[in-house]
Amino acid sequence: MSSHIQHSTNAPNLLKSHGLRVTEGRVEILSYFLNDNHALSHTYLEEKCKKSQDRVTIYRALYAFLEKGLIHKVLDEGGAAKYALCSTCSDTVHHHDHVHFKCDTCGQTYCLDTVQVPKLVLPQGYKIKETGILIQGVCDKCSK
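Residues numbered from 1 in each chain as written. Predicted model: local features only at pLDDT ≥ 70, side-chain atom pairs only at ≥ 80, totals over all residues. Heavy atoms only, no water.

Visitor: In this structure, what is going on with the overall build of the protein chain? I would like to understand it.
Guide: If you tally the helices and strands in the protein chain, you get four helices and six strands. Reading the protein chain from its N terminus to its C terminus gives the helix and strand order α-α-β-α-α-β-β-β-β-β. By residue count, 36% of the 144 residues in the protein chain fall in the buried class. Long-range pairs, those at least 24 residues apart, make up 50% of the contacts in the protein chain between residues at least 6 apart in sequence. Put simply, the protein chain shows about 9200 Å² of open surface, and 52% of that area lies on carbon and sulfur atoms. (Helix = DSSP H or I, 4+ residues; strand = E, 2+ residues; numbered from the N terminus. Buried < 20%, exposed > 50% of the residue type's maximum accessible area, 1.4 Å probe, protein only. Contact = heavy atoms within 4.5 Å. Areas by Shrake-Rupley, 256 points an atom, 1.4 Å probe, with all protein chains shown as cover.)

Set out below in structure tokens:
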């Protein structure tokens with residue numbers, strides 16, 4: 001059994017556990033997140049799903065996944081959005097205190113869950129909603 005098919009069988013349970021309706025389209029989109037260990041762009045998903053789903057359906061699925069804490073948004077150096085699976089989020093607790101790494105060689109963006117964002121102290125009156133750090137370099141696969 002291929003890895004993609006194995007992950008597709010886990011997708012319905014993951015959708016249910018996050019309070020999301022299980023649809024064929026959502027299962028397909030989520031299976032790509034489960035199969036890849038890097039952040040995915042809307043364009044990538046559109047290309048992968050072009051025979052089965054239109055761009056609006058993909059956008060709606062991504063929005064639902066974001067709202068329920070299944071994925072989080074990662075901005076690259078140009079401000080373009082990619083999305084990555086959350087490891088500990090829910091629809092009520094959705095934060096990401098880890099670093100993201102973009103490989104200059106393969107172009108993939110990875111969540112480095114074990115590398116925490118340092119605690120920042122802002123001037124009085126400022127409130128942090130979300131902190132993001134994007135590190136660029138060469139990933140472990142490309143550096144071999």
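Visitor: Before we go on, may I ask you to explain the side chain of D36 in this structure?
Guide: Along the chain, D36 turns up in the loop between α2 (24–35) and β1 (40–41). Of note is the side chain of D36, whose polar atom sits 3.1 Å from the side chain of Y44. (Polar contact = N/O pair within 3.5 Å; in protein donor to acceptor, adjacent residues only side chain to side chain.)

Visitor: Any chance you could explain the nonpolar core here in plain terms?
Guide: Taken as a class, soluble globular proteins show a tendency for nonpolar side chains to be buried jointly. By size, the foremost hydrophobic cluster in this structure holds 21 residues, and its most contacted members are I29, L30, F33, L45 and F65. Every element with two or more residues in this core is listed here: α1 (3–17), α2 and α4 (55–67). Apart from the residues within four sequence positions on either side, I29 is in contact with L45, C49, Q53, I58, A61 and F65. (Core = buried A, V, L, I, M, F, W, Y, C linked by side-chain atoms within 4.5 Å.)

Visitor: Would you take a moment to explain the pairing of strand β2 (residues 71–75) for this structure?
Guide: One face of the sheet, then the other: side chains in a regular strand alternate in exactly this way. With five bridges joining them, β2 and strand β3 (residues 81–85) adopt antiparallel strand pairing. When the sheet's bridge partners are listed, L75 is paired in β3 with A81. Taking the residues that link successive antiparallel strands as the turn, the β2-β3 hairpin has five residues, and the phi of G79 there is positive, at about 90 degrees. (Pairing = 2+ DSSP bridges.)

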